[in-house]
Amino acid sequence: MPDSGEDLFSLLDLTEYEADALEELLLLGRTTAPDLAEATGIPKARIYGVLDALSEAGYVKVIPGRPKRYEPHAPAAIAERAVENRRHAYERFREDVEAVEEAFVEEYAPVRDRGVNELSPTEDLFHVVDVGEPSERETRRLFREADEGVYVLSKSFGYIDAVRTAIRDAVDRGVDVDVLLLHPDSLSTENRQRQAEIRETLADEYPSVSVRVSDRVLPWRGTFVDPDLSYESGQGLLMVEQEEVPNHHRQAAVTENPSFVAGMWQYFDLLWRHESVPADPDPGRGPVDGDGVGE
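Because the structure is a prediction, the values reported are computed rather than measured. (Residues numbered from 1 in each chain as written. Predicted model: local features only at pLDDT ≥ 70, side-chain atom pairs only at ≥ 80, totals over all residues. Heavy atoms only, no water.)

A. A look at the overall build of the chain. Looking only at helices and strands, the chain features nine helices and ten strands. The buried share among the 295 residues of the chain stands at 37%. Put simply, 66% of the contacts in the chain that link residues at least 6 apart link residues at least 24 apart. In the form shown here, the chain has an accessible surface area of approximately 17500 Å², with 48% of it arising from carbon and sulfur atoms. (Helix = DSSP H or I, 4+ residues; strand = E, 2+ residues; numbered from the N terminus. Buried < 20%, exposed > 50% of the residue type's maximum accessible area, 1.4 Å probe, protein only. Contact = heavy atoms within 4.5 Å. Areas by Shrake-Rupley, 256 points an atom, 1.4 Å probe, with all protein chains shown as cover.)

Here it is as structure tokens:
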């Protein structure tokens, strides 16, 4: 996670010259283009274009006069405008996609549907993605698309940093999130400490998320959403436990089969109700039993 003010510059989609100019302006306050060029080493032939770009982005204001002077907006205003810029860019992108979506679907859906009809039963049940960024991307998608509930089965939820925003969005929409972790006694010292930190994070940042720990060694890990015992909805991602295989050689299975997801949920529910205890976010206390007594 970013740990200094300078880290915001990497999120602003600025060129090197623009980032240098904005940072120097924040340190100098109001100044002229020639003085800023001299302070930053940006060529004078480029400095006006750089300042115009920062002004258009809403990070710098232009003070009329002879010569013009340039002044940065307040840091809080710059951060707020950065978010607004990204939101507007997304809206423009969404409108552009919607403008061509109908033609795209008409042209390619028949080809795709023909391929689906030729799938084997196994291919129809699963498709696979590599573990790492592809599986994390699928997990974020599951959180984003969930309507009612998200269920996470994990040793320590070590990939939480990759899905934090997606968790927040789901929680803000009122989606129930349950996280079932492996009991700390079954983890290595390093993983035990990492899990304790993650449990604290969940308690502090997402108090509505329910967390329990299970003594049972989990045969698979994954995330699934919106299970339905009528087999009308549900999707998920899972991978089996293979400690001897490094992550970069592993794959995760993605399913949109409602019957399979319902079966995953029933297994999860049995563990949740009968073979797990609430997780205390305080790593010094450890999990507690049903009566609130530390184990």
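B. Here's a closer look at the pairing of strand S6 (residues 210-214). Buried residues dominate S6, accounting for four of its five residues. With five bridges joining them, strand S5 (residues 176-182) and S6 adopt parallel strand pairing. Paired with Asp-178 across the bridge in S6 is Ser-210. Relative to strand S10 (residues 276-278), S6 runs antiparallel, the two being bridged by three bridges. Counted as the bridge partner of Arg-212 is Pro-278 from S10. (Pairing = 2+ DSSP bridges.)

C. Broad picture of unusual backbone geometry. In this chain, Arg-66 is followed by Pro-67 through a cis amide linkage whose omega measures 0°. Within the secondary structure, Pro-67 sits in the loop between strand S1 (60-63) and strand S2 (69-72). Within the chain, Asp-13 stands out as a residue other than glycine whose phi angle is a positive 55°. Judged by its relative accessible area of 61%, Asp-13 falls in the exposed class.

D. Spatial organisation of helix H8 (residues 189-205). Its 17 residues place the ends of H8 24 Å apart at the C-alpha level, agreeing with the 24 Å of an ideal helix rising 1.5 Å per residue. Inspection of H8 places Gln-195, Ala-196, Ile-198, Arg-199, Thr-201 and Leu-202 among the buried residues, and these make up the whole buried set. Those residues of H8 that are buried are in contact with helix H7 (160-172), S5 and S6. (Expected span 1.5 Å × (residues − 1).)

E. How the structure looks around the nonpolar core. Phe-143, Val-150, Phe-157, Ile-167, Val-179, Leu-202 and Val-209 are the most contacted members of the largest nonpolar core, which totals 31 residues. Elements with a minimum of two residues in this core: helix H6 (133-145), strand S4 (149-154), H7, S5, H8, S6, strand S8 (235-240) and strand S9 (251-255). Residue contributions to this core peak at six residues, all from H7. Excluding anything up to four places from it in sequence, Val-209 contacts Val-171, Val-177, Val-179 and Leu-202. With 19 residues, the next largest nonpolar core counts Ala-33, Val-50, Ala-57 and Ile-78 among its residues. (Core = buried A, V, L, I, M, F, W, Y, C linked by side-chain atoms within 4.5 Å.)

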